[in-house]
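Here is how the chains run, residue by residue.
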Amino acid sequence: MNTIKKILILEDEKLNSERIKRLILKIKPDAEIVGVLASVKNTVSWLSENQSPDLILMDVQLADGLSFEIFNLATVTCPIIFTTAYDEYAIKAFKYNSVDYLLKPIEKTELEAAILKLEKSLKQSFKPNSQIEELIAYMQPKEYRNRFLIPYRDGYRKIDVEDIACFYSNLNINYAYLFNGEEVVVPHTLEALEQELNPKSFFRANRQYIIHINSIEKIDNYFNGKLKLKIKHSKDEAVIVSRTKASFLKLWLDY
């Protein structure tokens, strides 16, 4: 079985690239990180001037555009593992021998499994073009939900997404909490809502909450690297964000 040793990281967020480097060296202590690049332009230049690495960990969104553009401008002859923080690009069907996909925050076990699968498949010739083209077709930007039609008394009520401060789950019932203080039961799971809402506006803070970016009134440090959020006009206790998700919350808010 061939071994992956030389790894190129394409990631435009320093926190993310440092985390990926740490995970790689835990999984493969003998690996060599041959570069960490943040843009399509720099990647195309690097690929033209250097020997191909054994693996590229490639963020979908780089500093100057989508990383898919790299395949139009340079020759890529090694396996790819795509990464991204946004569910709009989460196409779980794409689990090819030489093209894989991981959703941030990347877990060590998932990255290790992806690398092991690639090492097992390296005896095969890597031909990315058809796989990448199909992947790009499925990863085109999609339309997100703008409103909800909610059963209300003897009819229905229209609620615009922009009026919703957060969604939360309590005792297996899911609610939309509006900026005006109202609470409305919604017939959707948080998992389904997470797929339908624009990730630029909504963030899955934990298992119970999806929050709107304009709903955050206050952010406090919490123990063990966690964050505590106060939602505007809400009388509920604070929303706690885990240490792992706290880093991505900060990136999301500072985008």
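Scroll up to find the structure.
Residues numbered from 1 in each chain as written. Predicted model: local features only at pLDDT ≥ 70, side-chain atom pairs only at ≥ 80, totals over all residues. Heavy atoms only, no water.

### Considering the overall build of the protein chain
And step 1. Across its full length, the protein chain carries seven helices and 17 strands.
And step 2. Expressed as a percentage of contacts within the protein chain between residues at least 6 apart in sequence, the contacts between residues at least 24 apart total 53%.
And step 3. Carbon together with sulfur atoms contributes 47% to the accessible area of the protein chain, which is approximately 14200 Å² in total. (Helix = DSSP H or I, 4+ residues; strand = E, 2+ residues; numbered from the N terminus. Contact = heavy atoms within 4.5 Å. Areas by Shrake-Rupley, 256 points an atom, 1.4 Å probe, with all protein chains shown as cover.)

### Some words on the sheet that holds strand E15 (residues 216-221)
And step 1. Taken in spatial order, the three strands of this open sheet run E15-E16-E17, and their pairing is antiparallel. This sheet does not close on itself; its edge strands, each paired only once, are E15 and strand E17 (239-241). Strand-to-strand twist in this sheet, taken as the mean axis angle between neighbours without regard to direction, amounts to 25 degrees.
And step 2. Pairing of E15 with strand E16 (residues 227-231) involves five bridges; the strand directions are antiparallel. Looking across to E16, one finds that Ile219 is bridged to Leu229. (Pairing = 2+ DSSP bridges. Axes fitted to C-alpha atoms, helices over the stretch in contact; angles between N-to-C directions.)

### So, the packing of helix H1 (residues 14-27) against helix H4 (residues 108-121)
And step 1. Look at H1 against H4: their axes get within 10 Å of each other, and the N-to-C directions meet at 60 degrees. Taken together, the axes of H1 and H4 are oblique relative to one another. Here the hand of the crossing between H1 and H4 comes out right-handed. Between H1 and H4, the residues in contact are Leu23, Ile24, Lys26 and Ile27 and Lys108, Leu111 and Glu112, respectively. (Parallel < 35°, antiparallel > 145°, perpendicular 65-115°, else oblique. Left-handed = near helix turned anticlockwise from the far one by under 90°.)

### Considerations on the pattern of salt bridges
And step 1. Within the structure shown, the criterion is met by 14 salt bridges.
And step 2. The residue Lys5 makes a salt bridge to Asp30 at a minimum N-O spacing of 3.5 Å. In this pair, Lys5 sits in the segment before strand E1 (6-10) while Asp30 sits in the loop between H1 and strand E2 (32-37), placing the two residues 25 residues apart along the sequence.
And step 3. Judged by relative accessible area, which is 41%, Lys5 ranks as partly exposed.
And step 4. Here Asp59 ties to Lys104 by a salt bridge, and the two come within 3.3 Å at their closest N and O atoms. Taken together, the residues Asp59 in strand E3 (residues 55-59) and Lys104 in the loop between strand E7 (99-103) and H4 connect sequence positions 45 residues apart.
And step 5. Given a relative accessible area of 9%, Lys104 falls into the buried group. (Salt bridge = Lys/Arg side-chain N within 4 Å of Asp/Glu carboxyl O. Buried < 20%, exposed > 50% of the residue type's maximum accessible area, 1.4 Å probe, protein only.)

### Examining the packing of aromatic side chains
And step 1. Inspection of the entire model under this criterion finds seven aromatic pairs.
And step 2. Geometrically, the ring pair formed by Tyr168 and Tyr209 is stacked, given 5.7 Å between the ring centres and 25 degrees between the ring planes. Placement of Tyr168 in strand E10 (residues 164-170) and of Tyr209 in strand E14 (residues 209-212) is noted, with a sequence separation of 41 residues between them.
And step 3. Residue Tyr168 is classed as buried on the basis of its relative accessible area of 8%. (Phe/Tyr/Trp six-rings, centres within 6.5 Å; stacked < 30°, edge-to-face > 60°.)

### Overview of the environment of Leu111
And step 1. Note that Leu111 resides in helix H4.
And step 2. Between the alpha carbons of Leu111 and Ile24 there is a distance of 8.0 Å; along the sequence they are 87 residues apart.
And step 3. Setting aside residues no more than four positions away along its own chain, Leu111 makes contact with Leu23, Ile24, Ile27, Leu57, Ile81, Leu102 and Ile106.

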